[in-house]
Structures are given as structure tokens and as C-alpha cells.
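Secondary and tertiary structure notes
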Amino acid sequence: MLNYIIRRILYAIPILVGVNLITFTLFFVVNTPDDMARMHLGIKHVTDEAIVKWKQEHGYDKPLLYNTEAEGVAKLTSTIFYEKSIAMFVFDFGHADDGRDIAHEIKSRILPSLAIALPVFLLGLLTYITFALIMVFFRMTYIDFWSVVLCVALMSISSLFYIIGGQFLVSKLWHLVPISGYGSGLDAGRFLLLPVIIGVVSSAGANVRWYRTIFLEEMNKEYVRTARAKGLPESIVLFRHVLKNALIPIFTGAVVVVPLLFLGSLITESFFGIPGLGSYTIEAINSQDFAVVRAMVFLGSLLYIVGLILTDISYTLVDPRIRLE
């Protein structure tokens with residue numbers, strides 16, 4: 001297993017380099033360093049001297065990918081891409097264009113993001129699996145039919161509707177929780193209650209249907225028929241055998257949201273005014289702060305790769321027949 005983990009880590013290096021290169025290319029295709037300077041200095045009445053000075057102060061006065069005026073290795077190292085991106089592989093994220101330390105911002109904002117994402121992930125996983133098992137238990141009945149109809153209806157509604165509707169109904173009309181903002185300590189709970197509930201409900205339709213499909217597929221396998229032939233009750237077959245054997249696809253689906261646990265939800269944090277990494281990324285995109293954007297993309301890619309490795313390792317715990325070679 002150790003050799004497998006080392007090999008996967010080595011595979012991750014060119015993937016991260018490629019992600020950084022693509023992010024860098026896409027960003028500077030849309031925005032040139034001159035455009036970034038005008039954005040930060042003010043679009044109107046900006047002199048060429050001010051633009052040149054801003055680029056020198058922020059390290060954008062060099063060629064993007066290849067320096068034809070340099071010699072030897074400096075042709076590649078004396079570029080914006082090398083100086084802005086390579087340092088991230090030792091977790092040196094540098095400073096944002098406004099001068100703030102990016103690593104410090106990430107550390108201070110990761111807890112608010114986790115305060116939303118972790119309850120949504122855990123509560124959602126428990127809720128979705130429970131309702132999917134109930135639907136499978138009552139399959140081919142009206143309970144199953146109308147549950148599927150409800151799931152399709154929930155899937156058809158935009159997540160923005162849940163956010164705006166929840167803020168209007170729960171916060172503005174009923175005054176149960178604040179409409180937006182964030183507090184410290186236990187006071188943060190009243191600010192997080194509504195975002196967490198909306199996060200679970202807005203994803204319920206798609207996730208419950210997906211887990212229901214997984215469980216129905218397991219119900220048609222040989223070991224289920226064998227368990228029934230032995231006289232085991234349907235509840236034991238479903239909640240003990242089927243659920244256990246469906247853990248592999250469940251783990252596979254859960255790893256997709258691992259980066260979001262740390263990076264936060266862009267839309268939710270922005271609408272609820274929560275100072276997490278999601279709102280930090282939106283602010284960076286709006287202000288065309290490339291330093292923050294490439295740091296968040298790099299961090300998201302790294303977390304996703306780590307999540308995939310942990311998922312592969314967890315397979316061996318769920319199913320002893322799987323071996324990592």
C-alpha cells in the first residue's frame with residue numbers, strides 16, 4: 001500500500017502543474033497585466049507610468065511563460081508563471097494584490113467554511129441515505145412513487161430559490177435567524193442554521209435518487225436472494241447487507257465534495273455574508289486578483305487528489321477483496 005500511495009503522490013505532481021498552467025493561461029487570456037493594473041488603480045485617468053509602476057510592485061512586469069531576453073534557465077524562471085505558481089508547491093502562496101498574506105487569509109477563513117460545509121456534508125449524507133433506504137424498503141408502493149416525484153421536484157428548483165426563499169420566509173417574515181452575517185463562538189450557530197438547512201434541502205432531490213438507484217441495483221444481486229432464501233427479514237437484508245455492500249459507490253460520490261468542505265460554497269457564503277474561502281474566491285474573481293485565484297484553484301486540486309487517495313484506501317476497509325497494487 002505504501003508503494004501505491006507514493007506512486008499516486010508522484011502522479012499528482014504533473015497534474016497540479018497542468019492545472020496551474022491551464023489556470024494561468026485562461027486567466028491571462030481574459031486579463032492582461034495592464035487590465036489588472038487599471039482595475040486596481042481605477043479605469044479612468046490612469047497614466048502609463050502608474051501602470052508600469054503597479055506591475056513592477058506586484059511582479060507582473062515580466063513575460064508570462066517564456067523570457068526571450070534572459071539566458072539559460074532564466075528564460076523559464078524569470079517569468080510571471082514561474083514566480084507566481086511554482087512557490088505554491090511548498091505552500092508559499094505569497095501576497096494578494098492588495099498586500100494581504102494569502103496563507104493567513106486561508107487559515108482565518110477555513111473555519112467559517114468548515115462550519116457550514118461539514119454539517120451539510122454529514123447531516124446530508126445521513127438524511128439522503130436514510131430516505132433512500134426507506135424508499136427502497138417501500139419500493140413499488142405509493143410511498144416510493146410520491147417520494148420519487150418529490151425528489152424530481154426538488155431537483156428542478158434552483159439552489160438560488162432556496163436561498164432567497166429561505167432568507168425571505170425564515171429571516172424577514174418569521175425573524176427566527178439573522179438574514180446574513182457571521183458571529184464568533186456559539187453565537188455563530190444562529191447564523192449557520194439557515195445556510196446548513198438550505199444546503200441539505202437543495203441537494204436532497206439528486207442525492208436521494210442517486211442513493212436509491214445504488215440500493216436498487218444491489219437488491220438484484222445474488223447475495224440478496226441468498227439472504228432472503230435463508231429467511232432473513234427484509235429490514236435486515238436492506239439495512240445490514242445491502243447498505244454495507246453499497247458503501248464503495250457511496251464513498252466514491254462523497255469524495256467529490258471533499259474540496260468543498262475546505263473551500264466552502266461560493267454561492268452560499270456570498271449570499272449569507274459568511275467570511276469563508278468561498279466568498280474570498282468570489283471577491284478575488286471580481287477584483288481580478290490572480291494571486292488569490294490561482295492559490296484557491298491549486299488548493300482545490302490538491303484536496304481533490306488527496307480525497308481520491310483516501311477513498312481508494314477506504315475501499316480496502318470496506319471490501320477486504322480489494323488490494324492496492
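Check the entry above for the structure.
Bear in mind that the values here come from a model prediction, so they are computed numbers and not experimental data.

**Here we look at the packing of aromatic side chains**
The final tally for this structure, using the stated rule, is 15 aromatic pairs. The interplanar angle of 75° and the centroid separation of 5.3 Å between the aromatic rings of F89 and F298 together place this pair among those described as edge-to-face. Pair noted here: F89 is in the loop between α5 (80–85) and α6 (102–137) and F298 is in helix α17 (residues 290–318), with a separation of 209 residues, a long-range link. Classification of F89 as partly exposed rests on a relative accessible area of 28%. Between F161 and Y162 the ring centres are 6.2 Å apart and the planes differ by 75°, which places this aromatic pair in the edge-to-face class.

**Regarding unusual backbone geometry**
Located in the positive-phi region is F91, a residue other than glycine, with phi close to 60°. With respect to the element layout, F91 can be found in the loop between α5 and α6. Phi at Q288 takes a positive value of approximately 55°, unusual for a residue other than glycine. Summarising the element assignment, Q288 is placed in the loop between α16 (277–286) and α17.

**Quick word on helix α3 (residues 48–58)**
Among the residues making up α3, those that are buried are I51, W54, K55 and H58. End-on view of α3: buried residues confined to an arc of 95°, all on one side of the axis. Residues E49, K53 and E57 are exposed on α3 and point more than 90 degrees away from its buried face. Check the buried side of α3 and you find it contacts α2 (33–41) and α5. Just downstream of α3 lies G59, where phi reads positive at about 80°.

What counts and what doesn't
- As a convention, each chain's residues are numbered from 1 in the sequence order in which they are written.
- This being a predicted model, a pLDDT of at least 70 is required before a residue's local features are given, and a value of 80 or more before pairs of side-chain atoms are given or counted; all residues contribute to the totals for chains, interfaces and linings.
- Side-chain figures throughout are based on the complete set of non-hydrogen atoms in the structure, without hydrogens or water.
- Two aromatic rings, drawn from Phe, Tyr or Trp (for Trp, its six-membered ring), form a pair once their centres lie within 6.5 Å of each other, and the interplanar angle then sorts them: stacked below 30 degrees, edge-to-face above 60, tilted otherwise.
- The numbering of helices and of strands both runs from the N terminus, where a helix is a DSSP run of H or I of at least 4 residues and a strand a run of E of at least 2.
- Per-residue accessibility, obtained with a 1.4 Å probe over protein chains only, is compared with the maximum for each type, and a residue is labelled buried under 20%, exposed over 50%, and partly exposed between these values.
- Taking the helix axis as origin, the arc is that swept by the directions to the C-beta atoms.
- Here, two residues are considered to be in contact whenever any of their heavy atoms come within 4.5 Å of each other.

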